[in-house]
Amino acid sequence: MRAELTEWMSRGSYFDFGRHRIFYIREGKGPTLLLIHGYPFNSYDWHRIWPDLTAHYDVIAPDMLGMGFSDKPIRHHYSVLEHADMHEALLRHLGIGETLLLAHDLGVSVAQELLARRLDGTAAADIRAVVFLNGGLFVEAYRPRLVQKLLGTPLGHLVGPLMTGGVIAPAVREVFGPDTKPTDDEMRTLQEVLRYGNGRFVNHLVGRFVAERTTYRDRWVEPLLRKEIPMRLINGPLDPNSGAHMVARYRELVADPDVVSLDRIGHWPQLEDPAGVFDAAHAFLRAANSA
């Protein structure tokens with residue numbers, strides 16, 4: 001395993017979620033901040049912003065089931081609802097009763113489910129405020145890439161295990177901004193995260209969460225419309241999946257929208273512009289937590 005990933009794993013711990021082991025890192029002091037990563041990678045997505053966050057917050061960052069260094073069962077039905085269950089189980093395991101959220105990509109949908117549980121009174125912890133990064137907040141505005149569509153079809157179980165770095169790397173690079181694309185060395189690290197454990201046999205299964213955005217569209221949009229807690233959207237507008245067009249839909253539907261757009265940034269703002277993301281997130285979360 002590459003040294004940077006070995007070092008990241010060495011700082012983490014595991015907890016049992018049902019029959020499965022979930023990897024997480026917890027570092028820092030201050031208000032609790034739960035980081036919910038995106039697809040298809042893991043908590044390592046936060047490594048560039050990690051030092052700034054842990055200087056101000058008690059930061060908790062798990063790897064979702066089927067991703068990163070958590071278990072990747074092959075015969076399993078992965079779902080956003082289960083991912084939300086896992087995050088709540090981790091908060092209970094750690095004795096956390098109140099938290100802030102920072103979510104990206106798939107994590108945005110998980111955060112929306114957690115907010116929906118807050119509305120219906122079943123949430124495991126009090127969510128004080130949330131920062132969304134690029135993700136499919138509104139399924140009608142989301143634009144999946146061709147490879148995502150393919151993996152979501154019945155052919156996914158055949159195609160997924162055969163996908164190599166020559167296919168994955170271009171698909172990942174195309175959603176980054178023009179000046180912030182990962183280097184070859186960085187891509188090798190990300191691909192190792194994908195391959196870890198049973199990765200190549202389950203990536204397509206985990207990726208089917210996109211269909212749930214249609215199924216639960218109204219449930220997940222309601223917390224945005226009701227806006228009972230402070231919310232900020234930090235967006236890389238050049239993201240072809242959920243960039244400027246997602247911001248436009250957010251502004252159409254959310255009252256008094258709080259939006260920060262990062263110039264020339266794509267789908268992974270926390271990797272492409274970690275300083276910009278930290279500044280925008282910290283200013284907002286600090287104010288929201290002290291209100």
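Heads up: the structure comes first, above all this text.
Analysis parameters
Residues numbered from 1 in each chain as written. Predicted model: local features only at pLDDT ≥ 70, side-chain atom pairs only at ≥ 80, totals over all residues. Heavy atoms only, no water. Salt bridge = Lys/Arg side-chain N within 4 Å of Asp/Glu carboxyl O. Helix = DSSP H or I, 4+ residues; strand = E, 2+ residues; numbered from the N terminus. Axes fitted to C-alpha atoms, helices over the stretch in contact; angles between N-to-C directions. Parallel < 35°, antiparallel > 145°, perpendicular 65-115°, else oblique. Contact = heavy atoms within 4.5 Å. Nonpolar A, V, L, I, M, F, W, Y, C, P; charged D, E, K, R; others polar. Pairing = 2+ DSSP bridges. Core = buried A, V, L, I, M, F, W, Y, C linked by side-chain atoms within 4.5 Å. Buried < 20%, exposed > 50% of the residue type's maximum accessible area, 1.4 Å probe, protein only. 1 Å grid on protein atoms, 1.4 Å probe; cavity = no way out; pocket = protein on both sides within 12 Å on 5 of 7 lines; lining within 4 Å. Points joined across faces, edges and corners; volume = space filled by probe spheres on them. Expected span 1.5 Å × (residues − 1).

Chemist: Explain the pattern of salt bridges to me, using residue names and the numbers behind them.
Modeler: Under the counting rule described, the total for this entry stands at 24 salt bridges. The partner of aspartate 185 in a salt bridge is arginine 2, and the shortest N-O contact between them spans 2.3 Å. Separated by 183 residues along the polypeptide, aspartate 185 in helix H8 (residues 184-195) and arginine 2 in the segment before helix H1 (3-10) bring together distant segments of the chain. One salt bridge connects arginine 11 with glutamate 27, and the closest N-O pair in it is separated by 3.0 Å. Placement of arginine 11 in the loop between H1 and strand E1 (13-17) and of glutamate 27 in strand E2 (residues 20-27) is noted, with a sequence separation of 16 residues between them. Among the ionic contacts, a cluster of salt bridges with common partners joins Asp85, Glu88, Glu113, Arg117, Asp120 and Arg219.

Chemist: How would you explain the packing of helix H3 (residues 80-94) against helix H4 (residues 106-120) if you had to name every residue and give the values?
Modeler: At a closest axis distance of 9 Å, the pairing of H3 and H4 adopts a crossing angle of 70 degrees. As the angle between them shows, H3 and H4 are arranged roughly perpendicular. Side by side, H3 and H4 meet where Val80, Leu81, His83, Ala84, Asp85, His87 and Glu88 of the first sit next to Leu106, Ser109, Val110, Glu113, Leu114 and Arg117 of the second. For the contact of H3 with H4, a count of residues per class yields six nonpolar, three polar and four charged.

Chemist: Run through the sheet that holds E1, naming residues and quoting values.
Modeler: Taking strand neighbours across the sheet as the criterion, the eight strands line up as E1-E2-E4-E3-E5-E6-E7-E8 in an open arrangement whose pairing is mixed. A strand with exactly one partner marks an edge of an open sheet, and here the two such strands are E1 and strand E8 (259-261). The sheet shows a mean angle of 25 degrees between the axes of neighbouring strands, direction not considered. Sheet analysis places strand E3 (residues 32-36) next to strand E5 (residues 98-103), joined by four bridges and oriented parallel. Its bridge partner being in E5, leucine 34 is matched across the sheet by leucine 101. Relative to strand E6 (residues 126-132), helix H14 (residues 274-290) is tilted by about 155 degrees, and along the sheet it contacts E3, E5, E6, strand E7 (231-235) and E8.

Chemist: Summarise the environment of leucine 119; cite the residues concerned and give the values.
Modeler: Residue placement: leucine 119 occurs in helix H4. Between the C-alpha atoms of leucine 119 and glutamate 222, which are 103 residues apart in sequence, the distance is 8.9 Å. When near neighbours in sequence (up to four residues on either side) are disregarded, leucine 119 contacts Glu222, Pro223, Arg226 and Glu228.

Chemist: Go over the nonpolar core, please, and point to the residues and values.
Modeler: With 51 residues, the main nonpolar core has Ile36, Phe132, Leu137 and Phe138 as its most contacted residues. Residue contributions to this core peak at seven residues, all from H3. When near neighbours in sequence (up to four residues on either side) are disregarded, isoleucine 36 contacts Trp46, Met64, His87, Leu101, Leu102, Ala103, His104, Gly107, Val110, Ala111 and Leu114. Grouped together as the second largest cluster of nonpolar side chains are 44 residues, Leu5, Met9, Leu133 and Ala281 included.

Chemist: So what's going on with the layout of surface pockets? Which residues, and what values?
Modeler: Size it by volume and the second largest pocket reaches roughly 200 Å³. With four residues, the single largest contributor to the lining of the second largest pocket is H8. When its residues are assigned to classes, the lining of the second largest pocket shows five nonpolar, three polar and six charged.

Chemist: Tell me what's going on with H3, and back it up with residues and numbers.
Modeler: Residues spaced three or four apart along an α-helix point in a common direction, a consequence of the helix completing one turn every 3.6 residues. The end-to-end C-alpha distance of H3, which contains 15 residues, comes to 21 Å, matching closely the 21 Å that a straight helix rising 1.5 Å per residue would cover. Within H3, 11 of the 15 residues are buried, which leaves the element mostly enclosed by the surrounding structure. All of the buried residues in H3 are Val80, Glu82, His83, Ala84, Met86, His87, Glu88, Ala89, Leu90, Leu91 and Leu94. Looking one or two places after H3, you find glycine 95, whose phi comes out positive at around 70 degrees.

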